[in-house]
Every structure is written in C-alpha cells, then in structure tokens.
Amino acid sequence: MDVSSIIQFKECLMPLYAHMIQVVLDAGFGYDTAKFCMQWGKDFPQGVNEGLLFYGRANNGWISSSNDVEELFAEGDDDCIFARDNQMEWMAEDMVGDYRPSSSAFIRTIRNVASEYYDNWSSHVAWSNLYKVAPWEGGNPSDALCYAQLEDCKKIMQKELAFTSPRAVVMLTGYYWAKDFLEYMNDGQEPDCIGCEKWGGYEAWAYRLDGRLFIVSEHPQGKPEAAHAEAIVKLIESNSN
C-alpha cells in the first residue's frame, strides 16, 4: 500500500475507534478489552478488486488493552495496532515467541485458500475481525459487547473494504455473526445468495454486495480443512467477474 493511502486510512479510522471505545467504556463491562485493527501484507495487491481479505469474529489478547486511541495508532509504539511491522508475514513463520501460527485452524484455512493464488501467501492477503473489541483474557465478545460496538464496526468494515478493494471478502465466522454486516452492506436488506458449496457436512455461501464478492463460511476449528478451502476457492472462481 502506498504511504498516502495508509495515512488517509488511518485518519478515517481514528475517530471511529475513538467513538467505539468510548461507547464500550460508557457501557461499563468491568474487564480489560483487546483492540484490533485490520492487518495487511506488504505485497497486498493495490489494484481494484484484487487480493483476498479474510474476516474472523474477534481477537483476544491482541497487542494492547489501551483505551487511548492516539497510543493505539502511534506507529512504532509497542501498543500500536495499526500498520505494524510484519503484520501478516508472521502467520507463515514456524514460531512467534511461544506461539506456533500453524496450530490455528483459522490461520491454516487462510493459508490453504491464499496459497492457491500466491506463493508467498501471507504477504499478499489481509485479515480483520468483525468486532474490534473483545475480552482481553479470552472468549468471543458477549451479545452486549457486540451491540455496543456494532454500528462503529460496520462503518470500520466499510473503510477496510475501500482501503483494500479486495477481489473477495472471506468471512470465516458463520452466517449468524456475519448477518448484521452483510445487511449493512446491502442497504439494510438480507442479501440474496448467488452460490453455495457443500463441504464436510457444512455449507459456504456467496453474495455480491455493491459489486463485491462476499463468501461466508463456518469458523474452521474442528472441521475438515481441505474440503473447506476447496469450497471457498470454488466460490471465488465461479463468482468472480
């Protein structure tokens, strides 16, 4: 990504994060929360409708529990969550500290799909989560925490899509988690499915929203990974313009 685009992206995100964090603080959940920001590889394609953007649900223990937006977006700071060094390439490393990325079914599924398109897969893709604020210690955000941040998270997703302009948005979240975001991208209406692939007793669905391909499938944990990746790739190939 070029420097001017990154700066513009940052300027768009900061007020949304400031509002989101304040709403969460005002709700008084009483525990530390992790703040997440989209990560993209250094070789992510810069053309229109290129590259792959993957979404999970939420992330625990990610970088910082700070509520200071200036700190969270201060490049080079240890607590910075924006435009970090090696922000995607670590997924392909054997070990990151005490963590082995390949132990994650979510990361393996990203790898299995992305490696169909790129040799150096981790540097060419982007990763985000639907919900940017999650309990620091673990677990998905509660319904209350989801709803507190939902409106800002939908707007943040819009900025992420404009910044990356991906060929396909792959949501490894399950439809229940994706539903509010899909409807937001479709003028408040439930979208029509344009394709479906069955895999390992599950299904993956394709939608076209505002000219962009969205694929919604299940979270990969404990599910057949090769069949899952194959289904996603089939939907990308059969529904791309």
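Shown above is the structure to which this text applies.
Note that the coordinates shown come from a computational prediction; the quantities given were computed from them, not determined experimentally.

(A) Representation of the overall build of the protein. Across its full length, the protein carries six helices and nine strands. Relative to a compact globule of 241 residues, whose C-alpha radius of gyration would be 18 Å, the protein shows 17 Å and is just as compact. Counting every position in the protein, which comprises 241 residues, the buried fraction comes to 52%. For the protein, the accessible area works out to roughly 10,800 Å², and carbon and sulfur atoms hold 44% of it. If you average the places of the 19 positive and of the 37 negative side-chain charges in the protein, the two averages end up 5 Å apart.

(B) Highlighting the packing of helix H3 (residues 105-114) against helix H6 (residues 225-239). Their axes nearest at 9 Å, the elements H3 and H6 cross at an angle of 45 degrees. The angle between H3 and H6 falls in the class oblique. Between H3 and H6 lies a crossing of right-handed hand. Where H3 abuts H6, its residues Ala105, Arg108, Thr109, Asn112 and Val113 lie against Glu225, His228, Ala229, Ile232, Val233 and Ile236. When its residues are assigned to classes, the contact of H3 with H6 shows six nonpolar, three polar and two charged.

(C) Region of the structure containing the layout of surface pockets. Of the pockets and cavities examined, the largest pocket occupies roughly 420 Å³. Lining the largest pocket are 19 residues, with Ala58, Asn59, Asn60, Phe106 and Trp127 sitting closest to its centre. For the lining of the largest pocket, the secondary-structure elements that each account for two or more residues are H3 and strand E4 (125-129). Taken together, the residues that form the lining of the largest pocket break down as nine nonpolar, nine polar and one charged.

(D) Representation of unusual backbone geometry. Unusually for a residue other than glycine, Asn86 sits at a positive phi of about 55 degrees. Mapped onto the secondary structure, Asn86 falls in the loop between helix H2 (69-72) and H3. We classify Asn86 as partly exposed; its relative accessible area is 36%.

(E) Molecular detail of the nonpolar core. Core analysis: the largest hydrophobic core is formed by 80 residues, its most contacted members being Trp40, Phe73, Phe82, Tyr131, Met171, Leu182 and Phe214. Here Leu182 is in contact with Met171, Tyr175, Pro191, Tyr207, Leu209, Phe214 and Val216, once residues within four sequence places are set aside.

(F) Structural context of H6. The end-to-end C-alpha distance of H6, which contains 15 residues, comes to 21 Å, matching closely the 21 Å that a straight helix rising 1.5 Å per residue would cover. For H6, the set of buried residues is Glu225, His228, Ala229, Ala231, Ile232, Val233, Leu235, Ile236 and Asn239. The secondary structure elements touched by the buried residues of H6 are strand E3 (52-56), H3, strand E6 (168-172), strand E7 (195-199), strand E8 (202-209) and strand E9 (212-217).

(G) Representation of the pattern of salt bridges in the model. Within this structure, the stated rule accounts for nine salt bridges. One salt bridge connects Glu225 with Arg108, and the closest N-O pair in it is separated by 2.6 Å. Of this pair, Glu225 sits in helix H6 while Arg108 sits in helix H3, and the two are 117 residues apart along the sequence. In this structure, Lys234 and Glu230 form a salt bridge, with 3.6 Å as the shortest nitrogen-oxygen distance. Of this pair, Lys234 and Glu230 both sit in helix H6, four residues apart, roughly one helical turn. The partly exposed category is assigned to Lys234, whose relative accessible area is 41%. Looking at Glu230, the relative accessible area reads 46%, which means it is partly exposed.

(H) Region of interest: the sheet that holds E6. Judged by pairing direction, the sheet is mixed, and its seven strands sit side by side in the order E2-E4-E3-E6-E9-E8-E7 without closing on themselves. Bordering the open sheet on either side are strand E2 (39-40) and E7, each of which pairs with just one other strand. Relative to E6, E3 runs parallel, the two sharing four bridges. Directly across from Leu53, in E6, lies its bridge partner Val169. Lying on the sheet, H6 is in contact with E3, E6, E7, E8 and E9; it crosses E7 at an angle near 160 degrees.

Calculation criteria
Residues numbered from 1 in each chain as written. Predicted model: local features only at pLDDT ≥ 70, side-chain atom pairs only at ≥ 80, totals over all residues. Heavy atoms only, no water. Helix = DSSP H or I, 4+ residues; strand = E, 2+ residues; numbered from the N terminus. Rg over C-alpha atoms; globule rule 2.2 N^0.38 Å. Buried < 20%, exposed > 50% of the residue type's maximum accessible area, 1.4 Å probe, protein only. Areas by Shrake-Rupley, 256 points an atom, 1.4 Å probe, with all protein chains shown as cover. Lys, Arg positive; Asp, Glu negative; His and termini not counted. Charge placed at Lys NZ, Arg CZ, Asp CG, Glu CD. Axes fitted to C-alpha atoms, helices over the stretch in contact; angles between N-to-C directions. Parallel < 35°, antiparallel > 145°, perpendicular 65-115°, else oblique. Left-handed = near helix turned anticlockwise from the far one by under 90°. Contact = heavy atoms within 4.5 Å. Nonpolar A, V, L, I, M, F, W, Y, C, P; charged D, E, K, R; others polar. 1 Å grid on protein atoms, 1.4 Å probe; cavity = no way out; pocket = protein on both sides within 12 Å on 5 of 7 lines; lining within 4 Å. Points joined across faces, edges and corners; volume = space filled by probe spheres on them. Core = buried A, V, L, I, M, F, W, Y, C linked by side-chain atoms within 4.5 Å. Expected span 1.5 Å × (residues − 1). Salt bridge = Lys/Arg side-chain N within 4 Å of Asp/Glu carboxyl O. Pairing = 2+ DSSP bridges.

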